[in-house]
Amino acid sequence: MLRDTGAVEPPRYPVGTWKADPTHSEIAFSIRQLAGTVRGRFTDYDITLVTREDPTRSSVTASIDLMSIDTGNARRDKHLRTADLAGAARFPTMSYHSVGISRSDGRWTVDGELTLKGVTCRMPLAMEPADSDPDSDSDSDSDSAGNFARFSARAQLHRRDFGIGIPMDVGGIVVSGKISVSLTVHAVLQE
């Protein structure tokens, strides 16, 4: 049995399969560079969560279309899709799958693997469950109570692990070697 003092138990979601609702979800990233921080997001993805009675046996899988990268600058987005960076022409999607879920000191971690440009590396997600209904403040149908789940997660990946080079890259001084990733997932229980 998992036990820790002072930790808040996560919400108990119904057991089942959940799909991310793209109108309420977001996969975002940021990377520091000499001139500031570049922020962006992916607009086309598929995220599936499978919840179990024992939360540590739950799982998550995701497939993200690299062509859907959006930093608010079309020229930069085109450059980010190139072979040196995301390699979207040869590897059009990146994928993630969990290999376990654990809790330590009141914090939940999704242990998983990210595959990008044909390279697979471990990428743990620091996860925070939230209340179950994203529309709880609206006039949503009362029959839908319990059919929504919200999760947020954060991670960092090292771009060089995936062969992501940057022209004029000098030891991470011009562009950071770390990319911060954040996910906000509002999932809908599938019938």
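Just so it is clear, the model here is predicted, and its values are computed rather than measured. (Residues numbered from 1 in each chain as written. Predicted model: local features only at pLDDT ≥ 70, side-chain atom pairs only at ≥ 80, totals over all residues. Heavy atoms only, no water.)

1. Looking at the overall build of the chain
Line of reasoning, step 1. Scanning the chain from N- to C-terminus turns up one helix and 12 strands.
Line of reasoning, step 2. Its helices and strands taken in sequence order, the chain reads β-β-β-β-β-β-α-β-β-β-β-β-β from the N to the C terminus.
Line of reasoning, step 3. Of the contacts made within the chain by residues no fewer than 6 positions apart, 60% connect residues no fewer than 24 positions apart.
Line of reasoning, step 4. Total accessible area computed for the chain in this model is approximately 11,300 Å², and 50% of it derives from carbon and sulfur atoms. (Helix = DSSP H or I, 4+ residues; strand = E, 2+ residues; numbered from the N terminus. Contact = heavy atoms within 4.5 Å. Areas by Shrake-Rupley, 256 points an atom, 1.4 Å probe, with all protein chains shown as cover.)

2. Let's talk about the side chain of Thr 48
Line of reasoning, step 1. In this fold, Thr 48 is placed in strand E4 (residues 45-51).
Line of reasoning, step 2. For Thr 48, a relative accessible area of 14% corresponds to the buried category.
Line of reasoning, step 3. Looking at Thr 48, its side chain comes within polar contact range of the side chain of Lys 19, at 2.8 Å.
Line of reasoning, step 4. Aside from chain neighbours lying at most four places away, what touches Thr 48 is Thr 17, Trp 18, Lys 19, Ser 59, Val 60 and Thr 61. (Buried < 20%, exposed > 50% of the residue type's maximum accessible area, 1.4 Å probe, protein only. Polar contact = N/O pair within 3.5 Å; in protein donor to acceptor, adjacent residues only side chain to side chain.)

3. Regarding the confidence of the model for the chain
Line of reasoning, step 1. Taken residue by residue, the chain gives an average pLDDT of 84. The fraction at 70 or more is 81%.
Line of reasoning, step 2. Here strand E10 (residues 125-129) stands out as the least confident element of the chain, with mean pLDDT 87; strand E5 (residues 59-65) is the most confident, with 97.
Line of reasoning, step 3. Counted against residues more than four places away or in other chains, residues 1-8, with its pLDDT under 50, gives eight contacts.
Line of reasoning, step 4. Across residues 132-144, where pLDDT falls below 50, the model places 14 contacts with residues more than four positions away in sequence or in other chains. (pLDDT = per-residue confidence, 0-100.)

4. As for the packing of aromatic side chains
Line of reasoning, step 1. Scanning the entire structure with this criterion turns up one aromatic pair.
Line of reasoning, step 2. Judged by centre distance (5.6 Å) and plane angle (40°), the ring pair of Phe 29 and Phe 42 falls under tilted. With a gap of 13 residues between them, Phe 29 in strand E2 (residues 26-33) and Phe 42 in strand E3 (residues 36-42) connect regions that are remote in the sequence. Side by side, Phe 29 and Phe 42 carry an identical accessibility label, which is buried. (Phe/Tyr/Trp six-rings, centres within 6.5 Å; stacked < 30°, edge-to-face > 60°.)

5. Comments concerning the pattern of salt bridges
Line of reasoning, step 1. Per the counting criterion, the structure on display carries two salt bridges.
Line of reasoning, step 2. One salt bridge in this structure joins Lys 19 and Asp 46, with 3.1 Å as the shortest N-O distance. Of this pair, Lys 19 sits in strand E1 (residues 16-20) while Asp 46 is found in strand E4, placing the two residues 27 residues apart along the sequence.
Line of reasoning, step 3. Looking at Asp 46, the relative accessible area reads 38%, which means it is partly exposed.
Line of reasoning, step 4. Here Arg 41 ties to Asp 70 by a salt bridge, and the two come within 3.5 Å at their closest N and O atoms. With Arg 41 in strand E3 and Asp 70 in strand E6 (residues 69-70), the pair connects residues that are 29 residues apart, well separated along the chain.
Line of reasoning, step 5. Take Asp 70: its relative accessible area is 26%, and that puts it in the partly exposed class. (Salt bridge = Lys/Arg side-chain N within 4 Å of Asp/Glu carboxyl O.)

6. Structural notes on the environment of Ser 182
Line of reasoning, step 1. Turning to its location among the elements, Ser 182 is positioned in strand E12 (residues 178-189).
Line of reasoning, step 2. Each C-alpha atom, one on Ser 182 and one on Glu 26, is 8.0 Å from the other, the two residues being 156 residues apart in sequence.

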